Every structure is written in C-alpha cells, then in structure tokens.
Amino acid sequence: MPNRRQAITALAAATLAAPGLSWAQAAPTRIVVPFAAGGPIDVTARILAEAVKGSLGTVIVENRPGAGGNIGVSAVAKAPADGLTLGIATTASHGINPWLFSKLPYDPAKDFAAITQMLSVPNVLVMNTETAARLKINTVADLIAYGKANPGKLNYGSGGNGSAGHLAGELFKNQTGIFAVHIPYNGGNPAQLGLLSGQVDFNFDNLATAAANIRSGKLKALAVTTQQRTAVMPDVPTVAATLPGFEIDTWWGLIAPAGTPVETVRKLNAAFNAALNSPDVKSRFALLLAEPAPNTPEQFDDFMKRERVKYERMVKLSGAKVD
C-alpha cells in the first residue's frame, strides 16, 4: 500500500497532467523586483501580479534591491528555469550596467529569457522655472544658445554617475557642443531637490517623477526625450525636434532564467500581455504616466540588444565607471 506522502505526490502529478488546468497552480509564481518597495517598478509589478492571478494563480512580488539592480537580477539568473521565478529587466540592468560595471554577476545577453516589455516612461529635460525665466530660456534651442554664449556657466544634476540622467546630459552635450558641469547626487530625488532649490540649472528626469512639479509650475519642461510627444503632456515638444536622433526613455520588462522552456515563456507572455492590454491596467499605469508596451519575447529580446548597443556609446561618452 502506498503511504500518505506517495499518494499526495501521485495526486499532484495527476492534477498537473490533467488537460485544461493551469500549469502554474502547483506553486506560486514570484516576480523579483531589483529595487526597493514603493517605487514605480515595484508598483507596476504589483499591479501586474494582481492582474494575472486569474491565469497564473498566486503571484508574489519579492524585493531584492541593491547595486543598481544587479543583486535582484543576479538572483533571477541563478533561479531554476521552471517559469516560477521571474524578474524585471530595466534600462539600467540590461542597457547601462553592462558597460558601467567592470564585472557583473550576470550576463545580460545569455542568462535570461525575454518574456515581454512592460512599459515605457518618457524622460524630460526640465529647468527650475525661476532659473529659466532669469536666463530667458523657453526652448531647447534657447538652452543650447545660452550654453554656447556662456561656456562653462551651465550645470546639470543627475541621480549619480552612470545614471540615465547623467548619460542623457552627456549625450546632450556631445550633440550640441556645449559644456555643462555634471553634478551627481545620491539618487533621483536628491537630484530633483537640487534642481528645485536652484543648485543646478537643468536635469534630465523621469517624467513620472517630475510631472507633479511641472504641473505645479515649479519646473519648466523644455522637451521630452522620446522620438514622439507623449500623450500625457502633448504640448511638450521632443528634444529630437531640435536634435535629430536624440532618444532616451526609461523602460522595464519581464524576464525569466535562461533555459526556461519555450512553451512556458509563451504562456507567460500571453498572460502578461493580456493584463497589459486590459483597460484596468492601462488606467492604473496612466496614473504613473507610464504607457504599456507589450510585445513578443523575440521583440523584447531584440529591443534589449539594441539598448545595449546604444548605451555602450553613451557610457563611453560619459566616462563613467563603477569598480
């Protein structure tokens, strides 16, 4: 006679094999967020975890912050390739960090299976409104003209060496030929406070972070850094309208460990894309000024390859290095 444990094991196996039942019901799925709780990446992961529970069952969000996202992403790379551990790939982890860090605890090209991009958030070139008025700067062209007429007088802030704001500033300097001193802060919020207090002249900030101060009139939005204007602030022009080819946005998406079966990746992609296309998720993302960007695993993988190529050049331009 089989013992009780053997009977339970046999029943579980039969349940998973039964047609029409969810392949993920045996255990909860977890999404490893490589940043602290409460930020936009964490919030959007939790929105999706709730939205896919009907198709995937319980989905747990686990925060593993540290080292610019490297700790959490590395944990995903080392997890079993069974479709139950997913992670968040970001502009930093899969675009910038491969060139910024001399050693990474993961290989962004080989250690992961792409599932889908989640969203894209525009970045925005902003100035302190009082500073912009004092310097008579109303457009990107005005900022460039002032920089050329006053070499060495401009400065800009960012969330730190190698951050997206830093790289955007260096690309801007490279394409315009102006010089502006980079002032790195310890994070995006201190950088924005530096701009609000007039310590720096301009920043390239995440639109979701800057929007409240733009709408209150404390910050002046000169342009967004995406190729097209954003629907949430359609009156704000693009940097590319003045500097063709200038394009930087913030994105993140879902990944699984390399070796995850193709059929499992397809099922995950279908579940999360259905959620991203749902009216509820779209409306909740809109509150964060984020636009859902669902795509196929192949499209997301190709996109991340292009981002690595783009940021290789930008990191070299900045001269930034970590360890």
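Up top is the structure.
Owing to the predicted nature of the structure, the values given are computational and were not obtained by experimental measurement.

1. Section: the pairing of strand β8 (residues 219-224)
Turning to step 1, where the next piece is worked out: Across the six residues of β8, five count as buried, placing the element largely inside the fold.
Turning to step 2, where the next piece is worked out: Bridge count between strand β4 (residues 112-128) and β8: five bridges; the pairing is antiparallel. Across the sheet, Met-127 pairs through a bridge with Lys-220, a residue of β8.

2. Topic: the environment of Ser-197
Turning to step 1, where the next piece is worked out: Looking at where Ser-197 falls in the secondary structure, it is placed in the loop between α9 (188-196) and β7 (202-206).
Turning to step 2, where the next piece is worked out: The class for Ser-197 is partly exposed, based on a relative accessible area of 47%.
Turning to step 3, where the next piece is worked out: In sequence terms Ser-197 and Pro-65 are 132 residues apart; their C-alpha atoms lie 29 Å from each other.
Turning to step 4, where the next piece is worked out: Polar side-chain contacts of Ser-197 include one of 3.4 Å to the side chain of Gln-199.

3. As for the layout of surface pockets
Space left empty within the atom packing is revealed by a probe, the size of a water molecule, rolled over the atoms.
Turning to step 1, where the next piece is worked out: Each pocket or cavity is described by its volume, and for the largest pocket that value is around 1,100 Å³.
Turning to step 2, where the next piece is worked out: Secondary-structure elements contributing two or more residues to the lining of the largest pocket are α2 (40-51), α5 (91-100), β5 (154-158), α8 (164-176), α9, β7 and β9 (249-257).
Turning to step 3, where the next piece is worked out: With five residues, α5 is the single largest residue contributor to the lining of the largest pocket.
Turning to step 4, where the next piece is worked out: Of the residues in the lining of the largest pocket, the class split is 17 nonpolar, 23 polar and two charged.

4. Examining the nonpolar core
In summary, soluble globular proteins display a tendency toward joint burial of nonpolar side chains.
Turning to step 1, where the next piece is worked out: Within the largest apolar cluster, 32 residues are counted, with the highest numbers of intra-cluster contacts made by Leu-125, Met-127, Leu-143, Phe-172, Phe-202 and Phe-246.
Turning to step 2, where the next piece is worked out: Setting aside residues no more than four positions away along its own chain, Phe-172 makes contact with Leu-125, Val-140, Leu-143, Ile-144, Ile-178, Phe-204, Leu-243 and Phe-246.

5. Things to note about the pattern of salt bridges
Turning to step 1, where the next piece is worked out: Applying the stated criterion to the full structure yields nine salt bridges.
Turning to step 2, where the next piece is worked out: The partner of Arg-30 in a salt bridge is Glu-62, and the shortest N-O contact between them spans 2.7 Å. With a gap of 32 residues between them, Arg-30 in strand β1 (residues 29-33) and Glu-62 in strand β2 (residues 59-63) connect regions that are remote in the sequence.
Turning to step 3, where the next piece is worked out: Exposure remark for Arg-30: the relative accessible area of 24% places this residue in the partly exposed category.
Turning to step 4, where the next piece is worked out: Taking the shortest distance from any N to any O, the salt bridge between Asp-42 and Arg-46 comes out at 2.9 Å. Here Arg-46 and Asp-42 lie together in helix α2, a separation of four residues that amounts to about one turn.
Turning to step 5, where the next piece is worked out: Taking relative accessible area as the criterion, Asp-42 reaches 4% and is therefore assigned buried.
Turning to step 6, where the next piece is worked out: Overall, the relative accessible area of 38% leaves Arg-46 in the partly exposed class.
Turning to step 7, where the next piece is worked out: One salt-bridge network, in which partners are shared between bridges, spans Arg-30, Glu-62 and Arg-64.

Basis of the calculations
Residues numbered from 1 in each chain as written. Predicted model: local features only at pLDDT ≥ 70, side-chain atom pairs only at ≥ 80, totals over all residues. Heavy atoms only, no water. Buried < 20%, exposed > 50% of the residue type's maximum accessible area, 1.4 Å probe, protein only. Helix = DSSP H or I, 4+ residues; strand = E, 2+ residues; numbered from the N terminus. Pairing = 2+ DSSP bridges. Polar contact = N/O pair within 3.5 Å; in protein donor to acceptor, adjacent residues only side chain to side chain. 1 Å grid on protein atoms, 1.4 Å probe; cavity = no way out; pocket = protein on both sides within 12 Å on 5 of 7 lines; lining within 4 Å. Points joined across faces, edges and corners; volume = space filled by probe spheres on them. Nonpolar A, V, L, I, M, F, W, Y, C, P; charged D, E, K, R; others polar. Core = buried A, V, L, I, M, F, W, Y, C linked by side-chain atoms within 4.5 Å. Contact = heavy atoms within 4.5 Å. Salt bridge = Lys/Arg side-chain N within 4 Å of Asp/Glu carboxyl O.

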